[in-house]
Amino acid sequence: MSFYFLNSPENLTKEQIGGKGYYLHQMAQDNLPIPEAAFVSTELWQEYRKDSKKTIAKLKKDVIPQIVAYFKEANGGEMPLVSVRSAGAVSMPGMMDTILNVGINQKYFKDLLAQKPAPTASKSKKKLESLAGIDRQEEFAADVYARFLSMYGATVLGMKKEVFPTEKWRSVADVEVAFDHVYTQKKKTFPSQKVEEQLLACILAVFDSWDNDRAKLYRQLNNINENAGTAVVIQRMVFGNKNDLSATGVMFSRDPSTGLAGLSGEYLVNAQGEDVVSGSHTPKNMNEMRDEFPEAYEQLQGIAERLENKYKQMQDIEFTIEDKKVFVLQARTAKCSPFARLKMLMDMRKFEDISAQDVLDNLSLKEYLDLNIKQVDPSFDRPTDGRGLAASMGAIAGRVVFGPSYKYEGEPTIFVAKETTPDDLQAIQLATGILTASGGATSHAAVVARGMGKVCVVGCGDMKISTKNGREVAVIGGKEVFDGDWITLDANEGKVWVGNEVPIVDASNSQVFFDLEQMVIEANPEWTRVTAKVDEIIRENKTYFLTYELDDADTDFLHTELNDAVEYINGTIDLTGKLDFLQQKYPNQFLFADITAEQTFLRKKDVLTKIAMERAGEPMDHLKLYLGPYEAKFGGELRMAGYRILDADDVSFDGKNLSASLIVTQRVNKNIPAEKVAISAKNALLGVLK
C-alpha cells in the first residue's frame, strides 16, 4: 500500500513505514501523546525509483488528497502546518532531509493573527511579563515563515543554507521582503500557496535525499542496504517556539555515554527541533527542566521508562512542549557508547528484565573491543585551556584538522569546527576525535560521532574559530591552534588542552566488566576457567597449549611468570598472545596503551633469553615456543638460547591436533571438545560475541 495513518489498525513494520513511522504508530497504540501523522510507504519510494512520472501522478491524484483530508478531519476542518521527514528502516540521524512548517500560506497568517495569545497560568513573573499585553502572534508567525522558507529553499530548491538571513524577525512582512530578495537573486520561485503542491515538492525532496552524498556515505559506513529506501512521515506541527511556555528537546532514557539510569538530554525554550540537533545552539541540560517545567519533566520521565521497558533498549526521544503540553515526535534505539550499552544490558539483567543470553546477543564483538576506554592520568593537574560538554567517552591527543583530511595518515586527528552538521559526516568519519565550539550532546554530529566510537567534546565556549593570514585558526583559552597542531581531548569530563603532553592511560576496570566476565562463565559451565598465573593451573603432568597474556605486565612480574612457565609447562608457550591476534583480526579497533604488538613480543623474548642463561645446562626438551609471525626474524636467536621452536603450521585448532589433555586458548573453537577447553573469562567473551 502507498500510505498509512497514525490510527491505522494494521501491524505495520519498519520496512513499510520506516523506523520513525513504526515507533510513532506503536506509541500511538500505547496512548502516548503523539501528534497526528501520515506515512508514505517505502513501497511508493520503490515505485518512484522505477517510474517517477507515474508515481508523481499517483501522489497528486490519490495519496496527497487523502492525507490532506485526514489532517483536516482531525483538526476541525482546517489544514494544520505539518513536518515532512524521512524515515528509513534503519536510523540514519540527520543524513536525509526534513522540512518543517509545510502548508504555510496567507490564509494561515490571516487565521493566526486573528487569534489572541492564550492566557497563561505561569507563576513566573518573567514569563508573565513576556506575554501580558503583548501580541506575540506576529513574531511567532514570522519565525515560522522564515524557518519554512529557509528549509524549503535549501531542501527542495537546492539553495545553500548560508544565503538565508537568520535574524530575529518581528513581522511577516519583513520576512517576505528579505526572502523574496534571496529567492529572486537565486532565480527561484516562492513556494506555492496551495498546501497540496507544497506537500508534493517536499515528499519528492525527501525521496531524493536517499541518494545524497552524506546518506550514501553513512549507509556505506554502517552496512545499510542501498535499495531499502525511505518512507516519509508527515506529522502535525507542534510548536516549541510558540512562547516562553514552550520548548523542544532530545532526551535519552539513560546517559548515552555512561549508561547511568535516569533522564539525560537537552532542550531549548521557545525553539524548534532543528535548533537543538543542528549544533547551532548550546542547549540546557534536562536536569534544569525539573525546575522550569516540572510537570512536563515528570511526564517525560514516565514516557522514557515505558519505552525502555517495552523495547529493552536505551531510548532516544525527540519531544516538544507547546504551552506546557508534552508531545512525543520520535523515539528510536539510542546510539550510545559501548560502555553505556554494556552498563544498560548488565543493569537490565540485574533486575531480571533480560537474560544472560540476551546480554550476549545484544553486545557486539566490536563494542566489547571498544571498551578499552582511555582517560587522562588522574594525577595530572595542569589547568585546562577549554571546557565543553562530554558527548562520548575516552581521551585522545591528535593533530587538528578543519575538514576531511588524509594529510596525517597514520596519526590521530581531531576535527575542529564551530558547529557540525550532517554534511560533516566524512570529516567525522576520518577523524579520531571531534571538538566543536557550540552544540550539545544531542546534536546530529554528536550522535553520529558517539555511534562511531569517536572521542567527542562539544559546546566548548572557550574556543573561537576564524582565519589568520588565509589559514583557519582555533583560539582555545587564548592559545592559537592551526592545522596540524596538537590538542588533547578528555571526553570523560569535557576538558581540552592545547598540545600533546597530557598523559593518557587505560581506565581501571569497573565492576561491570567483572560482572560480565563472571556471567559468561556461568552461562557456559562446560568451560574450565583458568587464572592468569601459570603455577595455579599447572598441577598435573598434562600437555598444554598456552596463550600467554602478559601484555602490560612489568618486567619483574613477567620474569617470574615466564620462569614458572618454563619450569612447569609440558607443551607449548604461544608468545604472540592476545594482542597480536586482535590487532591482526580487528585492525584499528582494539586500542591498547602506547605499545605495539612487536614491542610486547620483544619484552617476552628478552626475558626468555635471560631465563635460558640463568638455567644454563638444564634440559628443556619438554617445552616448545610458538612465535607466529616473528619466527622468521627471531627464531634463530631463541634457538641459540636453547629453546625448541614450533613451526607456525604445526599449531592447529581444526580438530586434528588435539593430543593435549587441556587446551588453553584465546578464542572458543567448536572443533575442540568442551571438556578440553580451558579459557579465561575475557577470552571467552571474544569467542561468544559476534
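Whatever comes next refers back to the structure up there.
Read on for a plain summary of the structure. (Residues numbered from 1 in each chain as written. Predicted model: local features only at pLDDT ≥ 70, side-chain atom pairs only at ≥ 80, totals over all residues. Heavy atoms only, no water.)

1. Remarks on the overall build of the chain
Phase 1: When its secondary structure is counted, the chain shows 23 helices and 30 strands.
Phase 2: Counting every position in the chain, which comprises 690 residues, the buried fraction comes to 54%. (Helix = DSSP H or I, 4+ residues; strand = E, 2+ residues; numbered from the N terminus. Buried < 20%, exposed > 50% of the residue type's maximum accessible area, 1.4 Å probe, protein only.)

2. Things to note about the packing of helix H6 (residues 137-155) against helix H7 (residues 172-185)
Phase 1: Two elements in contact, H6 and H7, have axes whose closest approach is 8 Å; the angle formed by their N-to-C orientations is 15°. Relative to H7, H6 is oriented roughly parallel. The chirality of how H6 crosses H7 is right-handed. Contacts between H6 and H7 involve Glu138, Ala141, Ala142, Tyr145, Ala146, Leu149, Ser150, Tyr152 and Gly153 from the first element and Val172, Ala173, Val175, Glu176, Phe179 and Tyr183 from the second.
Phase 2: Each residue belonging to the contact of H6 with H7 can be placed in one class, and the counts come to eleven nonpolar, two polar and two charged. (Axes fitted to C-alpha atoms, helices over the stretch in contact; angles between N-to-C directions. Parallel < 35°, antiparallel > 145°, perpendicular 65-115°, else oblique. Left-handed = near helix turned anticlockwise from the far one by under 90°. Contact = heavy atoms within 4.5 Å. Nonpolar A, V, L, I, M, F, W, Y, C, P; charged D, E, K, R; others polar.)

3. What about the sheet that holds strand E4 (residues 98-102)?
Phase 1: One open sheet accounts for five strands, arranged E1-E2-E5-E3-E4; its pairing is antiparallel. Each of the sheet's edge strands pairs with one partner strand only, and the pair in question is strand E1 (3-5) and E4. Across the sheet, the mean angle separating the axes of adjacent strands is 20° when strand polarity is ignored.
Phase 2: When strand E3 (residues 82-88) meets E4, the two strands line up antiparallel, connected through three bridges. Paired with Val84 across the bridge in E4 is Ile99. (Pairing = 2+ DSSP bridges.)

4. Looking at the environment of Tyr70
Phase 1: Among the structural elements, Tyr70 can be located in helix H3 (residues 52-74).
Phase 2: In sequence terms Tyr70 and Ala37 are 33 residues apart; their C-alpha atoms lie 9.0 Å from each other.
Phase 3: Discounting chain neighbours no more than four positions away, the residues touching Tyr70 are Phe5, Leu6, Asn7, Glu36, Ala37 and Ala38.
Phase 4: Here Ala37 takes part through its backbone oxygen, which lies 3.3 Å from a polar atom of the side chain of Tyr70. (Polar contact = N/O pair within 3.5 Å; in protein donor to acceptor, adjacent residues only side chain to side chain.)

5. Notes on the pairing of strand E15 (residues 413-417)
Phase 1: Along E15, five of the five residues are buried, which leaves the element largely enclosed by surrounding structure.
Phase 2: The side-chain alternation of E15 yields two buried faces, one formed by Thr413, Phe415 and Ala417 and the other by Ile414 and Val416.
Phase 3: As judged from the three bridges shared by strand E14 (residues 395-401) and E15, these two strands associate in the parallel manner. Considered in E15, the bridge of Arg399 is made with Thr413.
Phase 4: Where E15 and strand E16 (residues 433-436) come together, four bridges link them in parallel fashion. Within the sheet, the bridge partner assigned to Phe415 lies in E16 and is Ile434.

6. Side note on the packing of aromatic side chains
Phase 1: Under the criterion given, the structure shown has 19 aromatic pairs.
Phase 2: Taking the centre distance of 5.6 Å and the plane angle of 75° together, the rings of Tyr22 and Tyr23 count as edge-to-face.
Phase 3: Exposure remark for Tyr22: the relative accessible area of 19% places this residue in the buried category.
Phase 4: Given a relative accessible area of 5%, Tyr23 falls into the buried group.
Phase 5: Between Phe601 and Phe634, the ring centres sit 5.5 Å apart and the planes meet at 45°, which makes this aromatic pair tilted. Of the two residues, Phe601 sits in helix H21 (residues 597-614) while Phe634 sits in helix H22 (residues 631-640), which places them 33 residues apart along the sequence.
Phase 6: A network of ring pairs unites the aromatic residues Phe3, Phe5, Tyr70 and Phe71 as a single cluster.
Phase 7: The ring centre of Trp210 lies 3.9 Å from the NZ or CZ of Arg219, which sits over that ring. (Phe/Tyr/Trp six-rings, centres within 6.5 Å; stacked < 30°, edge-to-face > 60°. Lys NZ or Arg CZ within 6 Å of the ring centre and 35° of its normal.)

7. A closer look at the pattern of salt bridges
Phase 1: A complete count under the given rule lists 30 salt bridges for this structure.
Phase 2: The salt bridge partner of Lys343 is Asp347, with a shortest N-O separation of 2.8 Å. Of this pair, Lys343 and Asp347 both sit in helix H13 (residues 338-350), four residues apart, which is roughly one turn of that helix.
Phase 3: Across the pair Arg399 and Glu411 runs a salt bridge whose closest N-O atoms are separated by 3.0 Å. Note that Arg399 is positioned in strand E14 and Glu411 in the loop between E14 and E15, a separation of twelve residues in sequence.
Phase 4: With a relative accessible area of 34%, Glu411 lands in the partly exposed category. (Salt bridge = Lys/Arg side-chain N within 4 Å of Asp/Glu carboxyl O.)

8. Remarks on the sheet that holds E16
Each strand in a sheet pairs with its neighbour through backbone hydrogen bonds, running either in the same direction (parallel) or in the opposite one (antiparallel).
Phase 1: Sheet architecture is open: eight strands sit in the order E12-E22-E21-E14-E15-E16-E17-E13, paired in mixed fashion. The open sheet has two edge strands, strand E12 (386-387) and strand E13 (389-390), and neither has a second partner.
Phase 2: Bridging between E16 and strand E17 (residues 455-458) involves three bridges; their strand directions are parallel. Within the sheet, the bridge partner assigned to Gly433 lies in E17 and is Val455.

9. Things to note about the side chain of Thr436
Phase 1: Topologically, Thr436 is positioned in strand E16.
Phase 2: There is a polar contact of 2.7 Å between the side chain of Thr436 and the backbone oxygen of Ser438.
Phase 3: Setting aside anything within four residues of it in sequence, one finds Thr436 in contact with Ala417, Lys418, Glu419, Thr420, Val457, Val458, Gly459, Cys460 and Met463.

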